[in-house]
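As a plain string of letters, each chain reads:
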Amino acid sequence: MKVVVGLGNPGSRYAGTRHNVGFAVVDLLAESSRAGRWQRRYEAQVAELLEDAGKILLVTPETFMNLSGRSVRQVVDFYQVPIDSLLVVCDDFNLPLGKLRFRARGTHGGHNGLRDIQHHLGATEYSRLRIGVDSPGEGNATDHVLGRFRPSERAVIDEAVQRGAQAVLTWAEQGIEVCMNQYNSSH
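So, here is what we can say about the structure in this document.

What counts, and at which threshold
Residues numbered from 1 in each chain as written. Predicted model: local features only at pLDDT ≥ 70, side-chain atom pairs only at ≥ 80, totals over all residues. Heavy atoms only, no water. Core = buried A, V, L, I, M, F, W, Y, C linked by side-chain atoms within 4.5 Å. Buried < 20%, exposed > 50% of the residue type's maximum accessible area, 1.4 Å probe, protein only. Helix = DSSP H or I, 4+ residues; strand = E, 2+ residues; numbered from the N terminus. Contact = heavy atoms within 4.5 Å. Axes fitted to C-alpha atoms, helices over the stretch in contact; angles between N-to-C directions. Nonpolar A, V, L, I, M, F, W, Y, C, P; charged D, E, K, R; others polar. Polar contact = N/O pair within 3.5 Å; in protein donor to acceptor, adjacent residues only side chain to side chain.

1. Some remarks on the nonpolar core
The nonpolar side chains of a soluble globular protein tend to be buried with one another.
Then, in step 1: Residues Val4, Phe102, Leu129 and Ile131 are the most contacted members of the largest nonpolar core, which totals 32 residues.
Then, in step 2: Counting residues per element, this core draws most heavily on helix H5 (residues 151–174), at 8 residues.
Then, in step 3: Those residues in contact with Phe102 that lie beyond four places of it in its chain are Leu87, Arg128, Leu129, Ala167, Trp171, Ile176, Cys179, Met180, Tyr183 and Asn184.
Then, in step 4: The next biggest cluster of nonpolar side chains, apart from the first, holds 20 residues, and it includes Tyr42, Val75, Leu86 and Leu121.

2. Description of the packing of H5 against helix H6 (residues 176–183)
Then, in step 1: Contact pair H5 / H6: the axes reach a minimum separation of 7 Å and the direction vectors enclose 145°. Every residue of H6 that contacts H5 at Arg163, Gln166, Ala167, Thr170, Trp171 and Gln174 is listed here: Ile176, Val178, Cys179, Gln182 and Tyr183.
Then, in step 2: By residue class, the composition of the contact of H5 with H6 is 6 nonpolar, 4 polar and 1 charged.

3. Some remarks on the side chain of His19
Then, in step 1: By the element assignment, His19 lies in the loop between strand E1 (2–6) and helix H1 (21–30).
Then, in step 2: With relative accessibility at 12%, the residue His19 sits in the buried group.
Then, in step 3: A distance of 3.0 Å separates polar atoms of two side chains, one belonging to His19 and the other to Asp91.
Then, in step 4: With sequence-adjacent residues up to four places away left out, His19 is seen in contact with Leu7, Gly8, Asn9, Met65, Asp91, His111, Val145 and Leu146.

4. A short note on the environment of Ala141
Then, in step 1: Within the element layout of this structure, Ala141 appears in helix H4 (residues 141–145).
Then, in step 2: What makes Ala141 partly exposed here is its relative accessible area of 28%.
Then, in step 3: The spatial distance from the C-alpha of Ala141 to the C-alpha of Glu159 is 23 Å, given a sequence separation of 18 residues.

Here you go:
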């Protein structure tokens, strides 16, 4: 089994914000006819997606971004999932809008959701897919990530979410190395 965690903040107030791009990718995957219904477990919404590569557990924590690690830890412990079978999808304002970047491991890079996951797992060897939401420039980073995309950015981010969902399936089937080669250099 593979586990894919989309990061974001729960509630309609945060729907469609830059910080919730991880939720958007996982939600898109959950729309598949091969996906089961969402269920509330492990302080998260979870759904099973059956793909040729096997079962993928889709997870969107309900703990708010900065506390995502608790939920991720519960899922990993319950399913006894090896850390290399975990992929976390999140936003990154250090990347240009719509850019996808896979990493097999690494630090949290200042991302509070990843920081909390690293803290709760005690490890950095899990895969992550970061999706660029553009820099706040001179503006406040918190306001930027909790803000919504401008109409002029919508098409770019919608396409990135589509590519991100396809990239997650590639990761589940072919692994992180293929994803880094295929997606990190494009767009």
